[in-house]
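Descriptive analysis of the structure
For reference, the chains in residue letters:
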Amino acid sequence: ASVLAGTLPSLLAEALAAARGPEGLDRLLRHVATVEAQAHLRAQLGARKLAAFVGNGAALARASGASDAPMAGPGLVPFQSPGTLEVTLDLPATDLSAHV
């Protein structure tokens with residue numbers, strides 16, 4: 001009950017406050033579109049007997065051990081799957097596709 005009465009409304013208020021203005025709204029839509037895309041991609045894994053996916057070009061290294069931010073700069077080597085292990089997953093177009 002405390003989640004519905006307290007936590008959820010405050011999280012929603014923070015999200016809406018962050019979405020003020022064109023840049024904030026675009027960040028919010030990009031986040032929602034990314035979450036939807038990830039859910040759709042994960043739903044395809046079991047049928048293909050896969051456990052996870054990593055997109056080509058992903059920055060796998062983190063900025064530090066205490067950060068979720070990707071590493072940046074000249075030391076970054078973008079991930080590239082070996083061609084023999086590459087799999088293509090379907091990602092349908094949605095109203096939010098332009099934000100991913």
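A short tour of the structure in this document, coming up. What you see is a predicted model; the values in this text were computed from it and never measured.

Okay, the environment of Ser-81 next. Positionally, Ser-81 belongs in the segment after α2 (21-43). Spatially, the C-alpha atoms of Ser-81 and Gly-57 are 9.1 Å apart, while their sequence positions differ by 24 residues. Not counting the four nearest positions on each side in its chain, Ser-81 is found in contact with Asn-56 and Glu-86.

According to the stated counting rule, one finds 1 salt bridge in the structure shown. For Asp-26, the salt bridge identified is with Arg-30, shortest N-O distance 2.9 Å. Placement of both Asp-26 and Arg-30 in helix α2 is noted, with a separation of 4 residues, approximately one turn of the helix. The class for Arg-30 is partly exposed, based on a relative accessible area of 37%.

What counts as what
- Residues numbered from 1 in each chain as written.
- Predicted model: local features only at pLDDT ≥ 70, side-chain atom pairs only at ≥ 80, totals over all residues.
- Heavy atoms only, no water.
- Helix = DSSP H or I, 4+ residues; strand = E, 2+ residues; numbered from the N terminus.
- Contact = heavy atoms within 4.5 Å.
- Salt bridge = Lys/Arg side-chain N within 4 Å of Asp/Glu carboxyl O.
- Buried < 20%, exposed > 50% of the residue type's maximum accessible area, 1.4 Å probe, protein only.

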